[in-house]
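Observations on the three-dimensional arrangement
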Amino acid sequence: MKTLDRIPTNKIERAGQLVKTGIKVGGNYIAYYGEKMVNPSLNRDKLNENNAEDIYDGLKNLKGSALKVAQMLSMDKSIMPRAYVEKFSLAQFSVPPLSAPLVRKTFKNYLGKFPEQLYDTFTPDSINAASIGQVHRATKDGKNLAVKIQYPGVAESISSDLALVKPFAVKMFNLQGNDSEKYFKEVEYKLLEETDYDLELKQSQFLSKACENIENLRFPKYYPELSSKKILTMDWMHGEHLSEFTAHNTDRAKGDQLGQAMWDFYMYQMHHLRQVHADPHPGNFLVDDKANLIAIDFGCIKQVPEEFYFPYFELARPEIIDNPVLFKEKLFELEILRTDDSPKEIAYFTGLFHQLLSLFTKPFHGEFFDFSDEEFFGAIAQMGEEFSKDTQLRKMNGSRGSKHFLYINRTFFGLYNLLHDLKARVHTQTFQKYIVN
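Residues numbered from 1 in each chain as written. Predicted model: local features only at pLDDT ≥ 70, side-chain atom pairs only at ≥ 80, totals over all residues. Heavy atoms only, no water.

This paragraph deals with the nonpolar core. With 87 residues, the main nonpolar core has Phe107, Tyr119, Met262, Phe265, Phe285 and Phe412 as its most contacted residues. Core analysis: the second largest hydrophobic core is formed by 7 residues, Ile158, Leu162, Leu191 and Ala278 among them. (Core = buried A, V, L, I, M, F, W, Y, C linked by side-chain atoms within 4.5 Å. Buried < 20%, exposed > 50% of the residue type's maximum accessible area, 1.4 Å probe, protein only.)

Below, the structure is given as structure tokens:
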């Protein structure tokens, strides 16, 4: 794969790259509508493929938050066209890496030494490259190590990148009014956290220790003396990415074992630790030869404040969903309904969220759930399609809900999709045995 000797870091360079991408996408639309005049039956599949290709090609050399957003979008399989999901999912662990000279310079800047002075061996070529950093193999004192290196300029370009994509996001997600700013601030804050490897080291050590007793779940050991704000060293964990495993696995027992470990891992974090690994995509999990789940990335951890936690999970209870008074009360607590809403808006959004939550919270309604249920995921996809075509929704203020919804909902969408890929059948209450009061 081609390596990069430099990454555009200033606002003008990055804006120029995004403008070039926009021109290509515009050309794709012109070509599509020209062809559609000749062939009215033409569908949008080819347009989606061309746009996905051009957008990904434009973002992959920028790295950073622009590419991270593409990675986040690839997790939403129920709403995004397949062409985008397939192309943007490459951002999880397969993008052009930094060249060896740029890697050596990063080490010298942040650890004061070149990699060959710190490790017994160090591979100059990366093993995996993603949106914010890339991973190299190394050895030291007989240990096999994974060394994650952050791309130069990523943290410094986050604010300007988000400012560039904000107008498109406002239109795409119907974010009207001043309330939309809180969502952009939340994304900016979390992305800045992800570029702080000192913070990631602390989070990794805390969560791996806190969750060490969960069955069939493993974590690497981390090495503070070989880490810094831009470099993170941990054990090399042998296994295949979750997406590679699910592509060939036919053993339902293994899928169930991995799914149970993942479910217990997430529920223990959410309900006991009140903080959660909020980046559940296949590139952040490995599967070893004993069907153990390995969590390898703790850069994106979302704290769950109690004033959000309690009403959020109360809305997962059928007795709340089916009680109109209590249901509406929780919607106000979570800022889904607002005091300045008209009676028409209150009625509309109450009905919409009742439909949504009645479906999406089904895994919490019993002690067992089968995530291989195609009917359940088909209903989610159909609902997403209906919402995308709802003209009334587009006319109303789309800025709904607490800022905490962004990453908590993203966590559950990602978790559901991973469990679906595993075709896992899980016991939903077993995580409680790990909670020691």
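Our focus in this paragraph is the pairing of strand E6 (residues 231-235). Extensive coverage of E6 is indicated by the burial of 5 of its 5 residues. Two strands pair when backbone bridges link them, and strand E4 (residues 143-150) and E6 are joined in this way by 5 bridges, in the antiparallel orientation. By the bridge assignment, Leu145 is partnered in E6 with Asp235. (Helix = DSSP H or I, 4+ residues; strand = E, 2+ residues; numbered from the N terminus. Pairing = 2+ DSSP bridges.)

Bringing the packing of helix H14 (residues 324-333) against helix H15 (residues 343-360) into the picture now. Packing of H14 against H15 leaves a shortest axis separation of 11 Å and a crossing angle of 100 degrees. Accordingly, the angle class assigned to the pair H14 and H15 is roughly perpendicular. In this structure, H14 contributes Phe327, Lys328, Leu331 and Phe332 to the contact, and H15 contributes Ile346, Thr350, Phe353, His354 and Leu357. (Axes fitted to C-alpha atoms, helices over the stretch in contact; angles between N-to-C directions. Parallel < 35°, antiparallel > 145°, perpendicular 65-115°, else oblique. Contact = heavy atoms within 4.5 Å.)

Per the counting criterion, the structure on display carries 27 aromatic pairs. Taking the centre distance of 6.1 Å and the plane angle of 90 degrees together, the rings of Phe107 and Tyr119 count as edge-to-face. Placement of the pair is Phe107 in helix H5 (residues 100-111) and Tyr119 in the loop between helix H6 (115-118) and strand E1 (121-122), with a sequence separation of 12 residues. Pair check on accessibility: Phe107 and Tyr119 agree, each one buried. Measuring from centroid to centroid gives 6.0 Å for Phe219 and Phe298, while their planes differ by 45 degrees, and the two rings are tilted. (Phe/Tyr/Trp six-rings, centres within 6.5 Å; stacked < 30°, edge-to-face > 60°.)

This part is about H5. For H5, with 12 residues, the first-to-last C-alpha span of 16 Å sits near the 16 Å given by 1.5 Å per residue. Among all positions of H5, only Leu102, Val103, Thr106 and Phe107 are buried. Along H5, the residues classed as buried sweep out an arc of 145 degrees about the axis, all on the same side. Exposed side chains of H5 directed beyond 90 degrees from the buried face belong to Pro101, Lys105 and Asn109. (Expected span 1.5 Å × (residues − 1). Arc of directions from axis to C-beta.)

Moving on, we come to the pattern of salt bridges. For side chains of opposite charge, pairing can occur when their charged atoms come near one another. For the structure shown, the criterion picks out 18 salt bridges. The salt bridge partner of Glu212 is Lys209, with a shortest N-O separation of 3.1 Å. For Glu212, a relative accessible area of 41% translates into the label partly exposed. For Lys209, a relative accessible area of 55% corresponds to the exposed category. Measuring nitrogen to oxygen at the nearest pair gives 2.7 Å for the salt bridge that ties Asp256 to Arg425. Taken together, the residues Asp256 in helix H11 (residues 252-273) and Arg425 in strand E13 (residues 425-427) connect sequence positions 169 residues apart. Residues joined by salt bridges that share partners form a network here, namely Glu314, Glu329, Lys330 and Glu333. (Salt bridge = Lys/Arg side-chain N within 4 Å of Asp/Glu carboxyl O.)

Attention now moves to unusual backbone geometry. With phi around 60 degrees, Ala291 is a residue other than glycine that occupies positive phi space. Looking at the secondary structure, you find Ala291 in the loop between strand E9 (285-287) and strand E10 (293-295). On the accessibility criterion, Ala291 (5% relative accessible area) is buried. We note that Glu335 has phi near 65 degrees; this positive angle belongs to a residue other than glycine. Checked against the element boundaries, Glu335 lands in the loop between H14 and H15. Of the residues examined, Glu335 reaches a relative accessible area of 36% and is grouped as partly exposed.

Spatial strand order, E5-E10-E9-E7: 4 strands in an open sheet with mixed pairing. Of all the strands in the sheet, just strand E5 (217-218) and strand E7 (240-241) have a single pairing partner and so form its edges. Inspection of the sheet shows E7 paired to E9 by 2 bridges, in the antiparallel sense. Bridge pairing links His241 to Leu286 in E9.

Further remarks concern the packing of helix H12 (residues 306-314) against helix H18 (residues 405-422). One way to put it is that H12 packs onto H18 with a least axis distance of 12 Å and a crossing angle of 45 degrees. The orientation of H12 relative to H18 falls into the category oblique. Where H12 crosses over H18, the two elements pack in a sense that is right-handed. Along the contact surface, H12 presents Phe308, Tyr312 and Phe313, while H18 presents Phe405, Ile408, Asn409 and Phe412. (Left-handed = near helix turned anticlockwise from the far one by under 90°.)

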